[in-house]
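# Reading the structure
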Amino acid sequence: MRRLACSLLLVFASLAHAEEIGSVDTVFKFIGPDHKIVVEAHDDPGVNGVTCYMSRARTGGISGALGLAEDKAEASIACRQTGPISIPKPIKAQEEVFSERISLVFKRLRIVRMVDAKRHSLVYLTYSDRLIEGSPQNSVAVVAVDRATPIPLR
């Protein structure tokens, strides 16, 4: 049981890691932080040498400072090879690699990796969803993998 809990903790820790690269203010707020567009880097936890850069809105003001604001569903993604690509363990054909809460309870921003085996590529999709109704707004990016590098699937 303890081993399962540790494994789940490691999986969720890897899903939540994002490094903020920078941000720009879009709306000045007298009280609390300004509304921003934030650019973050997300290293794929299952594929060494691939980083996804995502830009998204972050709501400021008092509600944003307290973590009560609901961020917009819009996001853009660009994924690139940032080093030698290697896949140390088999990966799923479709797998969520990042998830973050963007409202107090019900809304999440997600990045899903899909394997296009025919074209030997990794496809990354970002979108948001809600408990009741998600948003059709999405963005996709593709990283071509050298044919000499195997993509082991489980």
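As a reminder, the structure under discussion sits directly above these lines.
Described below are features of the structure shown in this document. (Residues numbered from 1 in each chain as written. Predicted model: local features only at pLDDT ≥ 70, side-chain atom pairs only at ≥ 80, totals over all residues. Heavy atoms only, no water.)

### Some details on the environment of Asp25
Inspection of the secondary structure assignment puts Asp25 in strand 1 (residues 19-27). The contact partners of Asp25, leaving out residues within four places of it in the chain, are Asp34, His35 and Lys36. (Helix = DSSP H or I, 4+ residues; strand = E, 2+ residues; numbered from the N terminus. Contact = heavy atoms within 4.5 Å.)

### A word on the nonpolar core
Grouped together as the largest cluster of nonpolar side chains are 21 residues, with contacts concentrated most on Val47, Leu122 and Tyr124. Those elements that place two or more of their residues in this core are strand 3 (48-58), strand 4 (75-86), strand 5 (94-101), strand 6 (107-116), strand 7 (121-130) and strand 8 (138-144). Looking at this core, the element that brings in the most residues is strand 4, giving four residues. Not counting residues up to four positions away in its chain, the partners in contact with Leu122 are Val47, Val50, Ile91, Arg113, Met114, Val115, Ala141, Val142, Val143, Val145 and Ile151. (Core = buried A, V, L, I, M, F, W, Y, C linked by side-chain atoms within 4.5 Å. Buried < 20%, exposed > 50% of the residue type's maximum accessible area, 1.4 Å probe, protein only.)

### Digging into a nonpolar patch on the surface
A cluster of nonpolar residues, Ile21, Val39 and Tyr53, forms a patch on the protein surface that exposes about 240 Å² of accessible area. Within the secondary structure, Val39 sits in strand 2 (residues 35-43). For Val39, a relative accessible area of 31% translates into the label partly exposed. (Patch = residues over 30% accessible without salt bridge, like charges linked within 9 Å, V, L, I, M, F, W, Y side chains within 5 Å. Areas by Shrake-Rupley, 256 points an atom, 1.4 Å probe, with all protein chains shown as cover. Salt bridge = Lys/Arg side-chain N within 4 Å of Asp/Glu carboxyl O.)

### Notes on the environment of Val38
Looking at the element boundaries, Val38 is found in strand 2. Among the residues examined, Val38 registers a relative accessible area of 1% and is labelled buried. The spatial distance from the C-alpha of Val38 to the C-alpha of Ala75 is 9.8 Å, given a sequence separation of 37 residues. Apart from the residues within four sequence positions on either side, Val38 is in contact with Glu20, Gly22, Ser23, Met54, Ser55, Arg56 and Arg58.

### Overview of the pattern of salt bridges
Side chains bearing opposite charge may pair, as long as their charged atoms lie close to each other. For the structure shown, the criterion picks out eight salt bridges. In this structure, Glu96 engages Arg110 in a salt bridge whose closest nitrogen and oxygen atoms are separated by 2.8 Å. With Glu96 in strand 5 and Arg110 in strand 6, the pair connects residues that are 14 residues apart, well separated along the chain. Given the relative accessible area of 16%, Arg110 is considered buried.

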